[in-house]
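# Secondary and tertiary structure notes
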Amino acid sequence: MDIENTIVKKLGVRNGKLAELSKKPNCVSSQAINDAKKVDPLKYSGALKEQMSKVQSAISNMPGAKIKQTSDNYLYAVFTTKIMRFKDDVEVFLDDESKLLHFRSASRVGYSDLGVNRKRYEAFVSKL
């Protein structure tokens, strides 16, 4: 069974929403209901294509990132940790109607991520 294909089928944007987060504390999202897992959506201005180009550049310049899928308003990347080779799934959704960038980062395995996904969001914001 190909775990990556199974995961990809559960991800993506449906009705303007990224996938819900698991109950584990190893994930963050700008669309999270739980405050402990919530990160702020980012406002952007300008053209959608221009913003997606910035997103792609920021993600591709982050350690361990491999962009797997992109469209006009969506990016999916897999981050592989350096030492333990854990894989984390990262999604960015550009809601061009509201001019908001939504971010989701979730570990595939384990219970706690020791804050790695929140730190990844913060690093992404700083590169943007």
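Here goes a summary of the coordinates provided. (Residues numbered from 1 in each chain as written. Predicted model: local features only at pLDDT ≥ 70, side-chain atom pairs only at ≥ 80, totals over all residues. Heavy atoms only, no water.)

## Re the pattern of salt bridges
Taken as a whole and judged by the stated rule, the model has five salt bridges. With a closest N to O distance of 3.0 Å, Asp88 and Arg120 form a salt bridge. Placement of Asp88 in strand β7 (residues 87-95) and of Arg120 in helix α3 (residues 116-127) is noted, with a sequence separation of 32 residues between them. Its relative accessible area of 3% is what places Asp88 among the buried residues. Since its relative accessible area comes to 9%, Arg120 is described here as buried. The residue Glu91 makes a salt bridge to Arg104 at a minimum N-O spacing of 3.6 Å. Of this pair, Glu91 sits in strand β7 while Arg104 sits in strand β8 (residues 100-107), and the two are 13 residues apart along the sequence. (Salt bridge = Lys/Arg side-chain N within 4 Å of Asp/Glu carboxyl O. Helix = DSSP H or I, 4+ residues; strand = E, 2+ residues; numbered from the N terminus. Buried < 20%, exposed > 50% of the residue type's maximum accessible area, 1.4 Å probe, protein only.)

## Thoughts on unusual backbone geometry
One non-glycine residue, Lys99, adopts positive backbone phi at about 55°. Mapped onto the elements of the fold, Lys99 is located in the loop between β7 and β8. Phi at Leu114 is positive, roughly 55°, even though this residue is not glycine. Among the secondary structure elements, Leu114 is positioned in the loop between β8 and α3.

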